[in-house]
Amino acid sequence: MRILLAEDDSVLADGLTRSLRQSGYAIDYVKNGQDADTALSTQEFDLLILDLGLPKMSGLEVLRRLRARASLLPVLILTAADSVEQRVEGLDLGADDYMAKPFALSELEARVRALTRRGAGGGPAVVRHGPLVYDQVGRSAYINDQMLDLSARELGLLEVLLARTGRLVSKEQLVDHLCEWGEEVSNNAIEVYVHRLRKKIEVGGVRIATVRGLGYCLEKFSEAAAAASAERAAATATSTATVADR
């Protein structure tokens with residue numbers, strides 16, 4: 001999940017960024033309303049955490065412009081504890097939730113999880129793809145009930161591919177979802193992440209196809225294809241063992 005954090009308090013922003021990144025989210029951070037509006041106009045995000053007291057352009061104006069573009073992006077607003085009127089105005093403008101400062105990081109993370117689930121269309125918390133099971137809340141993946149050891153980037157990649165099962169996902173789309181604001185990630189890096197993820201999930205017959213020069217596709221799961229793949233793997237293992245015995 002990719003989150004845009006718009007907050008001018010650098011100490012608070014640093015704490016939020018560290019906490020959310022440790023939870024596996026990609027965080028893009030801007031310090032003023034103009035940069036937030038530019039980012040929202042040109043990039044795709046899964047959630048906006050928006051401080052209302054931003055310089056250059058108020059958080060309320062950022063929110064007003066966002067909704068004027070007919071965006072359904074979930075928005076969590078941050079306000080001072082005594083700014084009841086601002087909270088009301090923010091909710092009236094289309095914010096989905098708010099938190100008054102100061103707040104507990106654990107509560108913010110819980111609200112982030114709830115809003116990102118809602119932003120994904122209110123779908124099930126658990127996504128199943130053949131033997132692959134992905135828990136969107138706990139951000140953990142399993143193959144045949146065995147938990148996979150996936151990095152945050154690999155989890156992000158898996159989320160994108162699962163959301164577009166059977167459809168081509170370009171490298172540029174993957175870069176947009178996996179990169180943070182202002183960060184450069186090469187196509188070679190994307191290839192490395194795909195290679196690592198593929199090795200971990202294809203043991204269960206789940207396949208990521210490469211469309212040369214275009215991108216990747218998580219193939220729709222086929223029991224027959226998975227069985228054939230398992231047979232080929234078993235035959236290869238037997239052949240290797242026979243050669244070793246000789």
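- By the naming in an unreviewed UniProt entry, the protein chain is Response regulator transcription factor, taken from Massilia arenae.

Details of the sheet that holds strand S10 (residues 169–170)
- Sheet architecture is open: 3 strands sit in the order S10-S12-S11, paired in antiparallel fashion. Edge strands, defined here as strands with exactly one partner in the open sheet, are S10 and strand S11 (208–211).
- Helix H8 (residues 187–201) contacts S11 and strand S12 (215–218) of the sheet and is inclined by roughly 150° relative to S11.

Thoughts on the sheet that holds strand S8 (residues 140–143)
- Spatially, S6-S7-S8-S9 is the arrangement adopted by the 4 strands of the open sheet, whose pairing is antiparallel. A strand with exactly one partner marks an edge of an open sheet, and here the two such strands are strand S6 (126–129) and strand S9 (146–147).
- Pairing of S8 with S9 involves 2 bridges; the strand directions are antiparallel. When the bridges of S9 are listed, tyrosine 142 appears paired with methionine 147.
- Across the face of the sheet, helix H6 (residues 152–163) comes into contact with S6, strand S7 (132–135) and S8 while running at roughly 110° to S7.

Considerations on the pattern of salt bridges
- Evaluated as defined, the whole model comprises 15 salt bridges.
- Between lysine 101 and aspartate 51 there is a salt bridge; the shortest N-O distance is 3.2 Å. You can see lysine 101 sitting in strand S5 (residues 97–101) and its partner aspartate 51 sitting in strand S3 (residues 47–51), a full 50 residues away along the chain.
- Judged by its relative accessible area of 5%, aspartate 51 falls in the buried class.
- Arginine 207 serves as the salt-bridge partner of glutamate 219, at 2.8 Å between the closest nitrogen and oxygen.

Some thoughts on the nonpolar core
- With 25 residues, the main nonpolar core has Leu132, Leu158, Leu197, Ile201 and Ile208 as its most contacted residues.
- Sorting the residues of this core by element identifies S7, S8, H6, helix H7 (171–178), H8 and S12 as the ones contributing at least two each.
- One finds Ala36, Leu48, Leu54 and Leu73 within the second-largest nonpolar core, a separate group that totals 20 residues.

Description of the environment of valine 84
- On the secondary structure map, valine 84 appears in helix H4 (residues 84–92).
- Taking the relative accessible area as the measure of exposure, valine 84 reaches 45% and is therefore partly exposed.
- Through-space distance from the C-alpha of valine 84 to that of alanine 100 is 9.3 Å; in sequence the pair is 16 residues apart.

Section: the side chain of glutamate 159
- The topology assignment puts glutamate 159 in helix H6.
- Apart from the residues within four sequence positions on either side, glutamate 159 is in contact with Met1, Tyr134 and Arg139.

With respect to a nonpolar patch on the surface
- Taken together, the side chains of Leu168, Val211 and Leu214 make up a nonpolar region of the molecular surface, amounting to roughly 230 Å² of accessible area.
- Note that valine 211 resides in strand S11.
- The partly exposed category is assigned to valine 211, whose relative accessible area is 31%.

Quick notes on the pairing of strand S2 (residues 26–30)
- The buried count for S2 comes to 4 of 5 residues, which makes it a mostly enclosed element.
- Relative to S2, strand S1 (residues 2–6) runs parallel, the two being bridged by 5 bridges. When the bridges of S2 are listed, arginine 2 appears paired with alanine 26.
- Taken together, S1, helix H1 (residues 10–22) and S2 form a β-α-β motif whose crossover is right-handed.

Regarding the environment of aspartate 46
- Following the sequence through the fold, aspartate 46 ends up in the loop between helix H2 (33–42) and S3.
- Separated by 70 residues in the primary sequence, aspartate 46 and threonine 116 have C-alpha atoms spaced 6.4 Å apart.
- Contacts of aspartate 46, omitting those with residues within four sequence positions, involve Met1, Arg2, Leu73, Pro74 and Thr116.

Observations concerning the pairing of S3
- Within S3, 5 of the 5 residues are buried, which leaves it mostly tucked inside the rest of the structure.
- Covered by surrounding structure in S3 are Leu47, Ile49 and Asp51 together with Leu48 and Leu50, the residues of both alternating faces.
- In this structure, S1 lies alongside S3, joined through 4 bridges in parallel fashion. Residue pairing in the sheet places leucine 5 in a bridge with isoleucine 49 of S3.
- Sheet analysis places S3 next to strand S4 (residues 75–80), joined by 4 bridges and oriented parallel. Within the sheet, the bridge partner assigned to aspartate 51 lies in S4 and is leucine 78.
- Between S3 and its parallel partner S4, the chain crosses via helix H3 (residues 59–68), and the hand of that crossover is right-handed.

What counts and what doesn't
- Residues numbered from 1 in each chain as written.
- Predicted model: local features only at pLDDT ≥ 70, side-chain atom pairs only at ≥ 80, totals over all residues.
- Heavy atoms only, no water.
- Pairing = 2+ DSSP bridges.
- Helix = DSSP H or I, 4+ residues; strand = E, 2+ residues; numbered from the N terminus.
- Contact = heavy atoms within 4.5 Å.
- Axes fitted to C-alpha atoms, helices over the stretch in contact; angles between N-to-C directions.
- Salt bridge = Lys/Arg side-chain N within 4 Å of Asp/Glu carboxyl O.
- Buried < 20%, exposed > 50% of the residue type's maximum accessible area, 1.4 Å probe, protein only.
- Core = buried A, V, L, I, M, F, W, Y, C linked by side-chain atoms within 4.5 Å.
- Patch = residues over 30% accessible without salt bridge, like charges linked within 9 Å, V, L, I, M, F, W, Y side chains within 5 Å.
- Areas by Shrake-Rupley, 256 points an atom, 1.4 Å probe, with all protein chains shown as cover.
- Right-handed = clockwise from strand over helix to strand, strands pointing away.

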